[in-house]
Amino acid sequence: MRNYFIRRFLAIIPMFFLMTTTYFCIQNYLPGGPVQEAIARLKGMGGDGGTSRTLNAEDLQKLTHELEVEYGLDKPAVTRYFIWLKNILTLNFGDSITTRSPAIDQIIERLPISLSFGIPGFFLTYLIAIPLGVMMALRDGSRFDAISSFLLFVIYSIPSIVFAVIFLLIFCTDRVLPGGAWFPLGGFRSDNYESLSSVAKLFDLGRHLFLPVLASIIGNFTVYTLLQKNSMLEVIRADYIRTARAKGLSENAVIFKHALRNALLPLMVGFGALLGTFLGGSIIIEPIFGLPGIGVLSLQSLAARDFNVIMAIVVLQSLAILLGQILNDIVYVIVDPRIEYK
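Every value quoted in this text rests on a predicted model; they were computed, and no experiment measured them. (Residues numbered from 1 in each chain as written. Predicted model: local features only at pLDDT ≥ 70, side-chain atom pairs only at ≥ 80, totals over all residues. Heavy atoms only, no water.)

Taking 1.5 Å of rise per residue, the twelve residues of helix α7 (residues 160-171) would be expected to cover 16 Å, and the 16 Å separating its terminal C-alpha atoms lies within 8% of that figure. When α7 is considered as a whole, its buried residues turn out to be Ser160, Phe163, Ala164, Phe167 and Leu168. Viewed along the axis of α7, the buried residues span an arc of 140°, placing them on a single side of the element. (Helix = DSSP H or I, 4+ residues; strand = E, 2+ residues; numbered from the N terminus. Expected span 1.5 Å × (residues − 1). Buried < 20%, exposed > 50% of the residue type's maximum accessible area, 1.4 Å probe, protein only. Arc of directions from axis to C-beta.)

What follows is about empty space enclosed by the protein. Throughout the structure, instances matching the rule amount to one cavity of 30 Å³ or more. Its boundaries defined by the atoms lining it, the largest cavity holds a volume of some 50 Å³. Across the lining of the largest cavity, the residue classes tally to seven nonpolar, three polar and one charged. (1 Å grid on protein atoms, 1.4 Å probe; cavity = no way out; pocket = protein on both sides within 12 Å on 5 of 7 lines; lining within 4 Å. Points joined across faces, edges and corners; volume = space filled by probe spheres on them. Nonpolar A, V, L, I, M, F, W, Y, C, P; charged D, E, K, R; others polar.)

Tallying each qualifying case throughout the model produces 13 aromatic pairs. Between Phe122 and Tyr126 the ring centres are 5.2 Å apart and the planes differ by 50°, which places this aromatic pair in the tilted class. With Phe122 and Tyr126 both in helix α5 (residues 103-138), this residue pair falls four residues apart, about one helical turn. By the burial criterion, Phe122 is buried, and Tyr126 matches it. Look at Phe183 and Phe210: their rings are 5.2 Å apart centre to centre, the planes differ by 10°, and that puts the pair in the stacked class. Of this pair, Phe183 sits in the loop between α7 and α8 (198-236) while Phe210 is found in helix α8, placing the two residues 27 residues apart along the sequence. Judged by its relative accessible area of 44%, Phe210 is partly exposed. An aromatic cluster is defined as three or more aromatic residues linked by ring pairs; in this entry it consists of Phe163, Phe167, Phe171, Trp182, Phe183 and Phe210. Lying over the aromatic face of Phe144, Arg139 brings its terminal NZ or CZ to 5.2 Å of the ring centre. (Phe/Tyr/Trp six-rings, centres within 6.5 Å; stacked < 30°, edge-to-face > 60°. Lys NZ or Arg CZ within 6 Å of the ring centre and 35° of its normal.)

Here we take up unusual backbone geometry. In the Ramachandran plot, Leu91 falls in the positive-phi region, its phi being about 60° despite a non-glycine side chain. Residue Leu91 is classed as partly exposed on the basis of its relative accessible area, which comes to 44%. Its identity is not glycine, yet Arg100 carries a phi of approximately 65°, on the positive side. For Arg100, the location among the structural elements is in the loop between α4 (77-88) and α5.

It is worth spelling out the domain arrangement of the protein chain at this point. What the domain assignment reports for the protein chain is domain 1 (1-103) and domain 2 (104-161 + 217-335). For domain 1 versus domain 2, the separation of C-alpha centres amounts to 33 Å. Listed by partner, the interface residues are 32 residues for domain 1 and 24 residues for domain 2. At the boundary of domain 1 with domain 2, total buried surface from both sides reaches about 2,500 Å², with 70% on carbon and sulfur atoms. On the domain 1 side of the interface with domain 2, the three residues burying the most area are Gln27, Phe93 and Ala103, jointly 24% of the side's total. For the interface between domain 1 and domain 2, the tally reads zero salt bridges. Applying the counting rule to domain 1 against domain 2 returns eleven residue pairs in polar contact (both at pLDDT 80 or more). (Domains from an automatic or database assignment. Contact = heavy atoms within 4.5 Å. Buried area = accessible area lost by both parts, 1.4 Å probe. Salt bridge = Lys/Arg side-chain N within 4 Å of Asp/Glu carboxyl O. Polar contact = N/O pair within 3.5 Å; in protein donor to acceptor, adjacent residues only side chain to side chain.)

The next subject is the layout of surface pockets. Which parts of space are left empty comes out when a probe the size of a water molecule is rolled across the atoms. Volume-wise, the largest pocket comes out at about 700 Å³. Forming the boundary of the largest pocket are 27 residues, of which Gln27, Tyr71, Gly72, Leu73 and Asn308 lie nearest the centre. Broken down by secondary-structure element, the contributors of at least two residues to the lining of the largest pocket are α1 (2-29), α2 (34-42), α4 and α14 (307-335). Per-element accounting of the lining of the largest pocket gives the leading share, four residues, to α4. A breakdown of the residues in the lining of the largest pocket according to their chemical character gives eleven nonpolar, eleven polar and five charged.

What follows is the structure, encoded as structure tokens:
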């Protein structure tokens with residue numbers, strides 16, 4: 001098994017080169033770029049930070065050349081790729097063209113915000129989906145199963161963005177609930193957060209993150225619940241389960257010792273996306289609830305053609321996904337020790 005995991009880690013190297021080559025080509029051949037964005041800002045057409053300056057053709061050509069030298073775009077593409085590759089190996093993704101600060105610093109600054117609702121949402125999704133899916137499978141065909149399945153299909157058919165907006169309307173305004181808003185309308189924490197006690201800080205974070213976590217769970221748990229139910233149904237109808245019952249084992253031993261372990265394996269596929277999800281944030285939940293996390297940073301960087309920040313997020317997220325695939329294999333072994341990799 002050790003050799004298997006060594007091979008899996010070594011396989012990351014060619015995948016990393018293929019991945020970075022693809023990203024670099026996309027970055028270089030997309031319309032627009034840091035030079036055009038910087039000039040637009042200088043002319044006052046680039047949104048925040050524009051200085052409204054008029055340039056004649058000669059000044060524009062000179063400025064374009066200076067910016068190309070500054071961003072290293074005056075070199076051949078192959079040379080730029082190897083320079084870029086050398087830099088990202090040391091987590092040097094360059095500076096943001098909008099803030100002039102290192103791209104990696106921006107990611108490190110935003111990452112805790114995405115993690116603060118991504119981690120609870122991820123684990124709560126499994127904590128809800130697994131027992132609910134098992135109960136639906138054990139009561140297959142019952143009224144509980146029918147009602148649960150109907151509600152799950154209804155929830156599944158409604159995008160999580162709709163739930164997020166409904167939550168904001170009901171719980172964050174005084175238009176529905178008689179007592180007024182229960183939760184803040186947005187943001188990661190209150191303005192007076194630093195002056196609060198430790199307990200009050202936790203309560204404040206909980207009020208700001210409760211609805212984002214709830215919205216992220218609703219977007220995922222329906223699929224996992226139905227997957228768990230179908231997997232459990234398939235396992236409890238297998239011959240070895242009937243044999244276990246014929247040997248006189250208790251129902252709890254049959255279900256929780258023999259059936260559940262195998263029925264969990266299909267759900268473990270999602271663990272591979274664990275790291276990538278945490279690094280990627282949510283481009284749906286974060287803007288709606290005003291959370292300045294990685295998802296919002298991605299959208300802002302795309303709008304500003306801030307390629308250094310975009311590439312930093314994409315490269316780190318892809319690496320996390322590659323490592324997540326190895327995490328998948330480890331989780332498989334933990335859930336079912338009979339699995340052996342060769």
